[in-house]
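# Descriptive structure summary
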Amino acid sequence: MIRVLIADDEELIRSGLELILGLQDDMQVVGSVGDGDAARTAARDLAPDAVLLDIRMPGTDGLDAAAAITALPSPPAVIVLTTFAADDHIVDALDAGARGFLLKDTPPNDLVEGIRAVVRGNAVLSPEVTRFVIDSRRQRPADAHERPRHAKELARLTGRERQVLELLAHGMGNADIAASLHMGEGTVKGHVSRMMAKIGAANRVQAALLAFEAGLADDG
């Protein structure tokens, strides 16, 4: 059973999530709390496998709660829930160790599959969230101090993997990358997986951010 903790200050949201997850044969809601302090305590005491965490809550917000939860020994996978794709806290939550970012209106089946994915060690992000993070980073110039720090990671990549990373950082999905580089989509998927492993990125957003910080995806 996948043990899930729900943390959201809206009772209606918590009840809806409990109902959806309660219908799954492989999931159990072990706790439902309404603020960040309670989320930290419950994550420590109940040892869930996954935490659905509202990014904006009274008191200790979702960012601080995410950082505290992911710092626990054998931490659960954290999925941040947000109402708006254009939420300025999303990048901070990524830095805090969140493994997933889903909109609150995500279809139930996608939510359930997202929980299963993060428990398996994968990352899950709503497409709208991914686009916002990449676009928000693109609007800032690359920091020259970050470039030497990432040179070692980029040196591990083949020429083709660097091309794939650059296109990914400009918001392209696998199909668009495949068309641009005249290769099969399955081949692109393999390049993306190997590239992310080499640079230590847990998901496509982290890979895109590294590309911008390294100056690999500068506009121009």
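So, how was this worked out
Residues numbered from 1 in each chain as written. Predicted model: local features only at pLDDT ≥ 70, side-chain atom pairs only at ≥ 80, totals over all residues. Heavy atoms only, no water. Salt bridge = Lys/Arg side-chain N within 4 Å of Asp/Glu carboxyl O. Buried < 20%, exposed > 50% of the residue type's maximum accessible area, 1.4 Å probe, protein only. Helix = DSSP H or I, 4+ residues; strand = E, 2+ residues; numbered from the N terminus.

### Here we look at the pattern of salt bridges
- Summed over the entire model, instances satisfying the criterion amount to nine salt bridges.
- Of the charged contacts in the structure, one is a salt bridge between Arg44 and Asp45, with a shortest N-O distance of 3.0 Å. Each member of the pair, Arg44 as well as Asp45, carries the same accessibility label: exposed.
- A salt bridge links Glu161 to Arg194; the shortest N-O distance between them is 3.9 Å. Remark: Arg194 occurs in helix H10 (residues 185-199) and Glu161 occurs in helix H8 (residues 159-169); sequence separation between them is 33 residues.
- Look at Glu161 and you get buried, because its relative accessible area is 3%.

### What about the environment of Glu166?
- In this fold, Glu166 is placed in helix H8.
- Remark: the alpha-carbon pair of Glu166 and Gly215, spanning 49 residues in sequence, is separated by 9.7 Å.

### Let's talk about the environment of Ala117
- Positionally, Ala117 belongs in helix H5 (residues 108-119).
- Exposure remark for Ala117: the relative accessible area of 11% places this residue in the buried category.
- C-alpha of Ala117 to C-alpha of Gly100: the two residues are 17 residues apart in sequence and 9.2 Å apart in space.

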